[in-house]
Amino acid sequence: MAGYVGILVSDPWLQNQFTQVELRSFKTHYHAMRREGGPLTLADLASRMSKLKVIGDSLSEDERDSVIRSSYQNVNDEVDFELFLRVYLKLLAHASTKMDTPAKSSSAFLKASTTTLLHTISQSEKTSYVEHINNYLGEDKFLKQYLPINPLKNDLFEIAKDGVLLCKLINLAVPGTIDERAINMKGMLNPWERIENHTLCLNSAKAIGCTVVNIGTQDIIEGRHHLVLGLIAQIIKIQLLADLDLKKTPQLVELVNNSEDVEELMNLPPEKILLRWMNFQLKKAGYKKIVTNFSSDIKDGEAYAHLLNVLAPEHSNPLTLTVNDLLERAKSVLEHADKMGCKRYLTAKDIVEGSQNLNLAFVALIFQHRNGLSTQTKQISFLETLPDNAQVSREERAFRFWFNSLGNSTYLDNIFEDVRNGWVLLQALDKASPGIVNWKIANKPPIKMPFKKVENCNQVVKIGKQLKFSLVNIAGNDIVQGNKKLILAYLWQLMRCNMLQLLKNLRFRSHGKEITDADIREWANSLVIKSGGQTNMPSQQICILCNILNIFHKFE
């Protein structure tokens, strides 16, 4: 809801030590302790904190008591929530010292657990992402007043607090994801307008494929560095990998040998296609090793040197591969890339240290600038036989965005392929009508036996009928076989059911009156008129929900 502001503490420093997920968890523990034994004192915490992770496992009760007594003079003082958090931090620091736990790698911030005391970020990654934003959004009508951002300061996190920058980045990565009329853009936003932008941003980020875990609107408002930078990194990654698609770059069929391999290639995620392309070019250069990642496999610089020699032999330096010093070799690689006109996303040190995110961005830029694939190949003719229905593509994209915005564990790359096992449809049905799915008879992926997929899809159809969907001549096997027309028919009804259920949950805003399609249309048309538009939306058509989905998410 737009009124949610998270858990706040009076000390900004203390607030910044925890995510909202952690604060909610600690708040639950704190209240549970008070319910069990009444008012808490410092003397009680040594025994009561035994259930907390890390300090409960690493410190004995006597050790916890010793730390508390050495830190506070009067252990009979009553403990409020903020003091509870401060005691936890002291105990956690003592436990870390005792275990001699090494600091986490700063480049691993995207995968780091949110239960650590200190969240680090990579300065190199922040600098690269700031330069990316300055390059691509520097001429934006609204943002140009704040750009360019200084990469040496933390201005990025201040500018991101109102949500506009993140929404613009999402539209840059996947154009048209957010209707910019839905973004609150003005000099000073009130708290509710900020939260609307943040909710719109987070829902849209999920829709385009970002993993939005342990980050909420309050985290963006507070400018929590590791969470905001992690989200920006994912959005930029999606933008850089956008060309790794057979429809956008049909020359990619050169990477495979026959039509079956092409179908397999179409279903690969972009990062895997990029790796396959890189190995394809390295094979031309006679490089014997197989690159399986963008970290350890390329930190010695050899793979980069061979790749650039194949793509831009006119700029090759024969001394690059003879240099024994890895840092010098990495510098030579970057000089080669500069001569190609390829924008740097990393430094020589980042290559040697194996920075996963920056190396991936660098390879993606090399692909965009010069992919080395043939512009004419007989295999491209295979793509001409593939169906290219523009209407189906638009609807597939709309449904895919909606599906991914639900926050399911499975991200959909191709909705017609990814729903065929029935599992993701069951997940969506459970979101639309909690408890309606019989998970005891559902088959969880990976599913090897075809009849198991049919069982899932049969339950999907059965539940659809319970929800009053119109499912004439639709059977579970039609979904398994990937019948696009019937899958779209089902998805439209499922999305409509989900959105209307959400509106029913908001009835208190309309004094208990149930919200209908007509109410949605009236509300949407009022926003269009308010924004200066003149077109009214017709009723009972798919464009109702598709056109207002992003706008509506602001009020979810």
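Thresholds applied
- Residues numbered from 1 in each chain as written.
- Predicted model: local features only at pLDDT ≥ 70, side-chain atom pairs only at ≥ 80, totals over all residues.
- Heavy atoms only, no water.
- Core = buried A, V, L, I, M, F, W, Y, C linked by side-chain atoms within 4.5 Å.
- Buried < 20%, exposed > 50% of the residue type's maximum accessible area, 1.4 Å probe, protein only.
- Contact = heavy atoms within 4.5 Å.
- Disulfide = S-S within 2.5 Å.
- pLDDT = per-residue confidence, 0-100.
- Helix = DSSP H or I, 4+ residues; strand = E, 2+ residues; numbered from the N terminus.
- Phe/Tyr/Trp six-rings, centres within 6.5 Å; stacked < 30°, edge-to-face > 60°.
- Axes fitted to C-alpha atoms, helices over the stretch in contact; angles between N-to-C directions.
- Parallel < 35°, antiparallel > 145°, perpendicular 65-115°, else oblique.
- Left-handed = near helix turned anticlockwise from the far one by under 90°.
- Nonpolar A, V, L, I, M, F, W, Y, C, P; charged D, E, K, R; others polar.
- Salt bridge = Lys/Arg side-chain N within 4 Å of Asp/Glu carboxyl O.

**A short note on the nonpolar core**
Among the nonpolar cores identified, the biggest contains 88 residues, and Ile133, Leu156, Leu231, Ile232, Leu274, Trp277 and Met278 are the most heavily contacted of them. Setting aside anything within four residues of it in sequence, one finds isoleucine 133 in contact with Gly138, Leu147, Ile149, Leu156, Leu165, Leu169 and Ile232. Trp402, Phe416, Ile479 and Leu491 belong to the second largest nonpolar core, which has 35 residues in total.

**Describing the state of the cysteines**
Considering all chains together, one arrives at 0 disulfides under this definition. Looking at cysteine 210, it has no disulfide partner, and the nearest cysteine sulfur is the one in cysteine 201, 8.4 Å off. Judged by relative accessible area, cysteine 210 falls into the buried class, the value being 6%.

**With respect to the confidence of the model for the chain**
Averaged over every residue, the pLDDT of the chain is 79; the share at 70 or more is 81%. Here helix α27 (residues 543–552) stands out as the least confident element of the chain, with mean pLDDT 44; helix α9 (residues 164–173) is the most confident, with 93. The low-confidence segment residues 385–391 (pLDDT under 50) makes 4 contacts with residues lying over four places distant or belonging to another chain. Contacts from residues 539–556, a stretch scored under 50 in pLDDT, to residues over four places away or in other chains number 54 contacts.

**Examining the packing of aromatic side chains**
A complete count under the given rule lists 10 aromatic pairs for this structure. When the ring of phenylalanine 26 is compared with that of phenylalanine 84, the centres are 6.5 Å apart and the planes differ by 65°; the resulting orientation is edge-to-face. One end of the pair, phenylalanine 26, is in helix α2 (residues 20–37); the other, phenylalanine 84, is in helix α6 (residues 81–99), with 58 residues separating them in the sequence. Among the aromatic residues, those joined into a cluster by ring pairs are Phe26, Tyr30, Phe81, Phe84 and Tyr88.

**Regarding the packing of helix α22 (residues 423–432) against helix α23 (residues 450–466)**
Contact geometry of α22 with α23 gives a least axis separation of 9 Å together with a crossing angle of 30°. Here α22 is positioned roughly parallel relative to α23, judged by the angle of their axes. In this structure, α22 meets α23 at a crossing whose hand is left-handed. Residues Trp423, Leu425, Leu426 and Leu429 of α22 form the contact with α23, whose participating residues are Asn456, Gln459, Val460 and Ile463. The residue makeup of the contact of α22 with α23, split by class, is 6 nonpolar, 2 polar and no charged.

**So, unusual backbone geometry**
Leave glycine aside and you will find that most residues have negative phi; peptide bonds, for their part, are mostly trans. Between leucine 147 and the following residue, proline 148, the backbone shows a cis peptide bond with an omega angle of 5°. Summarising the element assignment, proline 148 is placed in the loop between α7 (123–137) and α8 (155–159). Phi at lysine 468 is positive, roughly 70°, even though this residue is not glycine. Position of lysine 468 relative to the elements: it lies in the loop between α23 and α24 (476–480).

**Structural notes on the pattern of salt bridges**
If you walk through the whole model with that rule in mind, you get 15 salt bridges. The salt bridge partner of arginine 34 is glutamate 78, with a shortest N-O separation of 3.7 Å. Taken together, the residues span a long stretch of sequence, with arginine 34 in helix α2 and glutamate 78 in the loop between α5 (61–71) and α6 at a distance of 44 residues. Using a relative accessible area of 29% as the deciding quantity, one classes arginine 34 as partly exposed. The partner of glutamate 417 in a salt bridge is arginine 420, and the shortest N-O contact between them spans 3.2 Å. By relative accessible area, glutamate 417 is classed as partly exposed at 34%. One connected set of salt bridges, linked through shared partners, spans Asp140, Lys168 and Glu180.

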